[in-house]
Amino acid sequence: PSPPPPPPSPPLPPLAPCSVSVDSGPCSLTKNGTHSCVTSPGFPGDYPNDKGCTITCLPAANTVEAFDVEEETSCQYDYLEVNGVKYCGTSGPPNGEPAGAVQWVSDFSVTAKGWKICWELENGSSPSAPPSSMPSPPPSASPMLPPPSTSPAAPPPSASPSPPPPAAPPPPPSASPSPPPSASLPPPSASPAPPPSASPSPPPPAAPPPPP
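Now for a description of the structure that goes with this document. Treat the numbers as computed from the prediction; the structure is a model and nothing was measured. (Residues numbered from 1 in each chain as written. Predicted model: local features only at pLDDT ≥ 70, side-chain atom pairs only at ≥ 80, totals over all residues. Heavy atoms only, no water.)

Let's talk about the sheet that holds strand β8 (residues 100-105)
(1) Moving on: Taken together, 5 strands build an open sheet; the order of strands is β1-β4-β8-β6-β7 and the sheet is antiparallel. Of all the strands in the sheet, the pair left with one neighbour each is β1 (21-24) and β7 (85-87). Averaged over all adjacent pairs, the angle separating strand axes in this sheet is 25 degrees, with direction ignored.
(2) Moving on: Both strand β6 (residues 79-82) and β7 contribute to a ladder of 3 bridges, which runs antiparallel. Within β7, the position partnered with Glu81 by the bridge is Lys86. (Pairing = 2+ DSSP bridges. Helix = DSSP H or I, 4+ residues; strand = E, 2+ residues; numbered from the N terminus. Axes fitted to C-alpha atoms, helices over the stretch in contact; angles between N-to-C directions.)

What to know about the state of the cysteines
(1) Moving on: Taken as a whole and judged by the stated rule, the model has 3 disulfides.
(2) Moving on: Two residues share a disulfide in this structure: Cys27 and Cys53, whose sulfurs sit 1.6 Å from each other. Of the two residues, Cys27 is situated in the loop between β1 and β2 (28-32) and Cys53 in strand β4 (residues 52-58); the sequence distance between them amounts to 26 residues.
(3) Moving on: Residue Cys37 pairs covalently with Cys118 via a disulfide, S to S 1.9 Å. On the sign convention where negative is left-handed, the bridge of Cys37 and Cys118, at about 110 degrees about the S-S bond, is right-handed. (Disulfide = S-S within 2.5 Å.)

Some points on the side chain of Ser40
(1) Moving on: Positionally, Ser40 belongs in the loop between β3 (35-39) and β4.
(2) Moving on: On the accessibility criterion, Ser40 (0% relative accessible area) is buried.
(3) Moving on: From its side chain, Ser40 meets the backbone nitrogen of Trp115 in a polar contact 3.1 Å long.
(4) Moving on: Setting aside anything within four residues of it in sequence, one finds Ser40 in contact with Cys27, Lys113, Gly114 and Trp115. (Buried < 20%, exposed > 50% of the residue type's maximum accessible area, 1.4 Å probe, protein only. Polar contact = N/O pair within 3.5 Å; in protein donor to acceptor, adjacent residues only side chain to side chain. Contact = heavy atoms within 4.5 Å.)

Some points on the side chain of Asp78
(1) Moving on: Summarising the element assignment, Asp78 is placed in the loop between β5 (62-68) and β6.
(2) Moving on: Polar side-chain contacts of Asp78 include one of 2.7 Å to the side chain of Tyr47.
(3) Moving on: Separated by 2.7 Å, the side chain of Asp78 and the backbone nitrogen of Asp107 make a polar contact.
(4) Moving on: Those residues in contact with Asp78 that lie beyond four places of it in its chain are Tyr47, Val69, Glu70, Tyr87, Cys88, Trp104, Val105, Ser106, Asp107, Ser109 and Val110.

A few points about the packing of aromatic side chains
(1) Moving on: A complete count under the given rule lists 2 aromatic pairs for this structure.
(2) Moving on: With a centroid separation of 4.8 Å and 80 degrees between ring planes, the pair formed by Tyr47 and Trp104 is classed as edge-to-face. One end of the pair, Tyr47, is in the loop between β3 and β4; the other, Trp104, is in strand β8, with 57 residues separating them in the sequence.
(3) Moving on: Taking the relative accessible area as the measure of exposure, Trp104 reaches 1% and is therefore buried.
(4) Moving on: The interplanar angle of 65 degrees and the centroid separation of 6.1 Å between the aromatic rings of Trp104 and Trp115 together place this pair among those described as edge-to-face. Residue Trp104 is found in strand β8, and its partner Trp115 is found in strand β9 (residues 114-120); the two are separated by 11 residues along the sequence. As far as burial versus exposure is concerned, Trp104 and Trp115 are alike and both buried.
(5) Moving on: Each residue in the set Tyr47, Trp104 and Trp115 is aromatic and connected to the rest through ring pairs, giving one cluster. (Phe/Tyr/Trp six-rings, centres within 6.5 Å; stacked < 30°, edge-to-face > 60°.)

A short note on the nonpolar core
(1) Moving on: Core analysis: the biggest nonpolar cluster contains 23 residues, and Ile55, Leu80, Trp104 and Trp115 have the highest contact counts within it.
(2) Moving on: Looking at this core, the elements that each hand over two or more residues are β4, β5, β6, β8 and β9. (Core = buried A, V, L, I, M, F, W, Y, C linked by side-chain atoms within 4.5 Å.)

A few points about the pattern of salt bridges
One side chain can pair with another of opposite charge once the charged atoms of both are near each other.
(1) Moving on: For the structure on display, the rule yields 1 salt bridge.
(2) Moving on: The salt bridge partner of Lys116 is Glu65, with a shortest N-O separation of 3.9 Å. A residue pair is termed long-range when its members are at least 10 positions apart, and Lys116 in strand β9 and Glu65 in strand β5 qualify at 51 residues.
(3) Moving on: Owing to a relative accessible area of 43%, Glu65 belongs among the partly exposed residues under this scheme. (Salt bridge = Lys/Arg side-chain N within 4 Å of Asp/Glu carboxyl O.)

Structure, rendered in structure tokens:
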């Protein structure tokens with residue numbers, strides 16, 4: 001028979017909740033009830049030169065409400081980097097794209113208004129950590145445990161009829177006592193001897209004839 005399929009992989013544990021934070025730099029994080037926003041330094045005024053910051057745990061359900069950064073073809077001067085892509089000018093990332101960790105960088109000259117990203121929290125709680133933008137690691141190359149032995153199961157009990165029950169033991173000898181052995185020979189018959197025969201004696205021989 002074919003080996004049984006491997007058991008399904010256990011479900012991944014839910015992501016631990018985390019809170020949006022500015023890990024470094026002068027970017028601003030503001031909260032108003034369930035409405036929160038993160039902005040470039042000095043927003044809504046111009047951001048300063050030579051400043052950068054890193055923001056982590058941005059929820060995916062967000063809105064880019066403002067974006068105005070020094071424009072350059074390859075965005076090598078001032079830019080907001082999201083998932084490895086640099087944005088500058090007035091074309092910021094689409095709504096929901098700057099999730100997880102983002103990085104802001106400004107160079108030594110030319111400034112602009114900057115950017116603002118906002119989101120709503122559910123019941124005022126911290127958002128769950130968004131999915132990582134890094135690709136998932138490949139499954140482990142370690143061999144799986146060998147499947148259970150495919151040797152056939154022990155044969156079922158023989159279907160041949162069970163042996164007949166043992167013969168009933170012979171009945172015990174009769175409890176009636178055996179007749180006691182004769183203590184003596186049987187007495188001689190008590191019948192009388194037959195009487196002598198009653199037939200008449202033979203007649204005497206005839207007398208000889210007289211002489212002439």
